[in-house]
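Architecture and fold: a report
Letter by letter, the chains look like this.
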Amino acid sequence: MGQDREQGLTLRLATPADAAVIADLVRRAFSAQSAQTNPPSSALKETPATITHELSLGGGAVVLDAAALVGAVLWKEEEGSLYVGRLAVDPSQRRRGIARILMAECEREARRRGLTRMHLGVRLELEDNRRLFLSCGFHDAEFLSHAGFSEPTWVRMERRLQ
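Given the structure is predicted, the values throughout are model-derived calculations rather than measurements. Residue numbers run consecutively from 1 along every chain, following the written order of its sequence. Per-residue local features are limited, in this predicted model, to residues with pLDDT of at least 70; the limit for side-chain atom pairs, both in listing and counting, is 80 or more; totals at the level of whole chains, interfaces and linings are taken over all residues. Excluded from the side-chain calculations are hydrogens and water; all other atoms, namely the structure's heavy atoms, are used.

**Section: the overall build of the chain**
The following threshold applies: We count a stretch as a helix when DSSP gives it H or I for four or more residues in a row; a strand needs E for two or more, and each element gets its number in order from the N terminus. Each residue is assigned to one of three classes by its accessible area relative to the maximum for its type, calculated with a 1.4 Å probe on protein chains only: buried under 20%, partly exposed between the two thresholds, exposed over 50%. Residue contacts follow a heavy-atom distance rule, with two residues in contact if any of their heavy atoms lie within 4.5 Å. For the accessible areas, the method is Shrake-Rupley and the probe is 1.4 Å, while residue cover comes only from the protein chains on display.
Looking only at helices and strands, the chain features 5 helices and 7 strands. Reading the helices (α) and strands (β) of the chain from amino to carboxyl end gives α-β-α-α-β-β-β-α-β-α-β-β. In the chain, buried positions account for 46% of the 162 residues. Contacts in the chain between residues far apart in sequence, at least 24 positions, make up 61% of those at least 6 positions apart. When the accessible area of the chain is evaluated, it comes to approximately 8300 Å², of which 52% is carbon and sulfur surface.

Dropping the structure here:
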């Protein structure tokens, strides 16, 4: 994790015991984003039960700062690729490179499973997210509609691993 490790950040695999904290983190992260664009989001309805269910389908990782959970990612294997279904960073921690740490962990997990592709969905309204994923080697692949909108608001992005 380079410089981030010096700042007291640690990374570990997520466990079912993390579900309640991850659910709260996802809600806060999406709420902070929604304040700018105000779209409906299923992420605002996350509960410990839904997070535990997603963890059981694949897994995930968390980033902690002095024992406080400040970032989380959930993944599952889908159609021969690692699908990143949730990526959340505490709004007060967004500039610390935590999202990049989590994306790097997703790549390690994909390689560990012998997969050659990663997929994720990114909201078009959030250009900072989109720039992050493009800089991590993802490319626009398919436009997807979001409930409540007439125009596509998500892009399913793909990254092929070497």
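**Describing the nonpolar core**
Soluble globular proteins tend to pack their nonpolar side chains together in the buried interior. Quick reminder of the rule: Residue types Ala, Val, Leu, Ile, Met, Phe, Trp, Tyr and Cys, when buried and joined through side-chain atoms within 4.5 Å, form a set referred to as a nonpolar core.
By size, the foremost hydrophobic cluster in this structure holds 27 residues, and its most contacted members are M118, L120, F133 and F138. Of all the secondary-structure elements, those providing two or more residues to this core are strand 2 (59-65), strand 3 (68-78), strand 4 (81-89), helix 4 (98-112), strand 5 (117-123), helix 5 (127-135) and strand 7 (152-160). Per-element tally for this core: the top contributor is helix 4, with 7 residues. Residues in contact with M118, not counting those within four places in the same chain, are S81, L82, V84, M103, C106, E107, A110, F138, M157, E158, R159 and L161.

**Re unusual backbone geometry**
Of note in the backbone geometry, A66 takes a positive phi value of approximately 50° without being a glycine. The residue A66 is located in the loop between strand 2 and strand 3 in this model. Accessibility expressed as a relative area gives 71% for A66, which makes it exposed. Positive phi outside glycine occurs at A67, with the angle close to 75°. Checked against the element boundaries, A67 lands in the loop between strand 2 and strand 3. In this structure A67 comes out as exposed when scored by relative accessible area, which is 70%.

**So, the pattern of salt bridges**
For clarity, the cut-off: The salt bridge definition used is simple: a Lys or Arg side-chain nitrogen within 4 Å of an Asp or Glu carboxyl oxygen.
Under the criterion given, the structure shown has 15 salt bridges. The partner of D65 in a salt bridge is R96, and the shortest N-O contact between them spans 2.8 Å. Of this pair, D65 sits in strand 2 while R96 sits in the loop between strand 4 and helix 4, and the two are 31 residues apart along the sequence. Three or more residues joined by partner-sharing salt bridges are found here, namely D24, R27, R28 and D90.

**Re the pairing of strand 2**
Here is the rule we go by: Here, any two strands with at least 2 DSSP bridges between them count as paired.
Taken across its 7 residues, strand 2 has 7 buried, putting it largely inside the fold. The alternating pattern of strand 2 places G59, A61, V63 and D65 on one face and G60, V62 and L64 on the opposite face, and all of these are buried. Examined bridge by bridge, strand 1 (residues 9-13) and strand 2 share 5 bridges and lie antiparallel to one another. Its bridge partner lying in strand 2, L13 is registered against A61. Sheet analysis places strand 2 next to strand 3, joined by 7 bridges and oriented antiparallel. Each bridged residue has a counterpart across the sheet, and for G59 the counterpart in strand 3 is W75. Linking strand 2 to strand 3, which pair antiparallel, is a turn of 2 residues; within it A66 sits at a positive phi near 50°.

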